[in-house]
Amino acid sequence: MPFQYTSIQIGEIVRAAKVLRRPEALEEGKPLPFTSCGTKGKKLDLILDLADGPLVDLRFHVHAGIFDNPETFEAALILSHVRVRGVGWHATGKKRLYGKQVIPRGWHQNVIDPNLPLDSADFNRHLPLPNFNPADLTAFFIATARLWHIDLTFAEGLL
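Presented here is an overview of the structure given in this document. Please read all numbers here as calculations on a predicted model, not as lab measurements. (Residues numbered from 1 in each chain as written. Predicted model: local features only at pLDDT ≥ 70, side-chain atom pairs only at ≥ 80, totals over all residues. Heavy atoms only, no water.)

1. As for unusual backbone geometry
At step 1: With a phi close to 50 degrees, Ser80 is a non-glycine residue in the positive phi region.
At step 2: Tracing the backbone through its elements, the reader meets Ser80 in the loop between strand 5 (73-79) and strand 6 (82-90).
At step 3: The class for Ser80 is buried, based on a relative accessible area of 14%.
At step 4: Positioned with a positive phi, His81 is a non-glycine residue whose angle comes to about 70 degrees. (Helix = DSSP H or I, 4+ residues; strand = E, 2+ residues; numbered from the N terminus. Buried < 20%, exposed > 50% of the residue type's maximum accessible area, 1.4 Å probe, protein only.)

The structure is reproduced here in structure tokens:
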């Protein structure tokens, strides 16, 4: 069964301005509301809306396997329960046979198209993020929100 959004629509949703459905989730003067995940991890899951558009089932998920180790940070943009974008770190990179780079070394963005077959080279592309260098979990949260056009200006004093 095909995904309910076309590849073009997914790109439009990712590029569109987004806001938090419940901006009170980021309370003034308080740290980001990460919850514990395991013994050293943290996570945050926020519901998003398009700033100018129809309601869609869109979530912004941020996870840190070890809250003070940026190399364990991951983020996902989830549309209708399907991951369509991600940000992560790979220490060495990964190559396919004959040297084709499939996962770049360092920070990268996953560009996922659930409309394509799983074995397609374009189903999950890993694009390098050369100027993406978050120092901590809050910086990672903010940088990823900017990458995906999630408007946090209402909360700039909070972060």
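2. Some thoughts on the pattern of salt bridges
At step 1: Across all of its chains, the model carries three salt bridges by this definition.
At step 2: Between Arg59 and Asp45 there is a salt bridge, with its nearest N and O atoms 2.7 Å apart. Of the two residues, Arg59 sits in strand 4 (residues 58-64) while Asp45 sits in strand 3 (residues 41-50), which places them 14 residues apart along the sequence.
At step 3: What makes Asp45 partly exposed here is its relative accessible area of 36%. (Salt bridge = Lys/Arg side-chain N within 4 Å of Asp/Glu carboxyl O.)

3. Observations concerning helix 1 (residues 7-15)
At step 1: Among the residues of helix 1, those classed as buried are Ile10, Gly11, Ile13 and Val14. Projection of helix 1 onto a plane perpendicular to its axis shows the buried side chains occupying an angular sector of 160 degrees, all on one side. Residues of helix 1 that are exposed and angled more than 90 degrees away from the buried face: Ile8 and Arg15.
At step 2: The secondary structure elements touched by the buried residues of helix 1 are strand 1 (18-20), strand 3, strand 4, strand 5 and strand 6. (Arc of directions from axis to C-beta. Contact = heavy atoms within 4.5 Å.)

4. So, the environment of Phe140
At step 1: The topology assignment puts Phe140 in helix 2 (residues 137-147).
At step 2: Judged by its relative accessible area of 0%, Phe140 falls in the buried class.
At step 3: Taking C-alpha positions, Phe140 is 9.8 Å from Ala64, a pair spaced 76 residues apart along the chain.
At step 4: Not counting residues up to four positions away in its chain, the partners in contact with Phe140 are Val62, Phe73, Glu74, Ala75, Val87, Trp107, Phe132 and Pro134.

5. Focus on the side chain of Asn110
At step 1: The residue Asn110 is located in strand 9 (residues 106-112) in this model.
At step 2: Taking the relative accessible area as the measure of exposure, Asn110 reaches 5% and is therefore buried.
At step 3: Engagement of the side chain of Asn110 in a polar contact is seen with the side chain of Asn124, the distance being 3.0 Å.
At step 4: Beyond its immediate sequence surroundings of up to four residues, Asn110 is in contact with Arg83, Val84, Arg85, Gly86, Val87, Asn124, Arg125 and His126. (Polar contact = N/O pair within 3.5 Å; in protein donor to acceptor, adjacent residues only side chain to side chain.)

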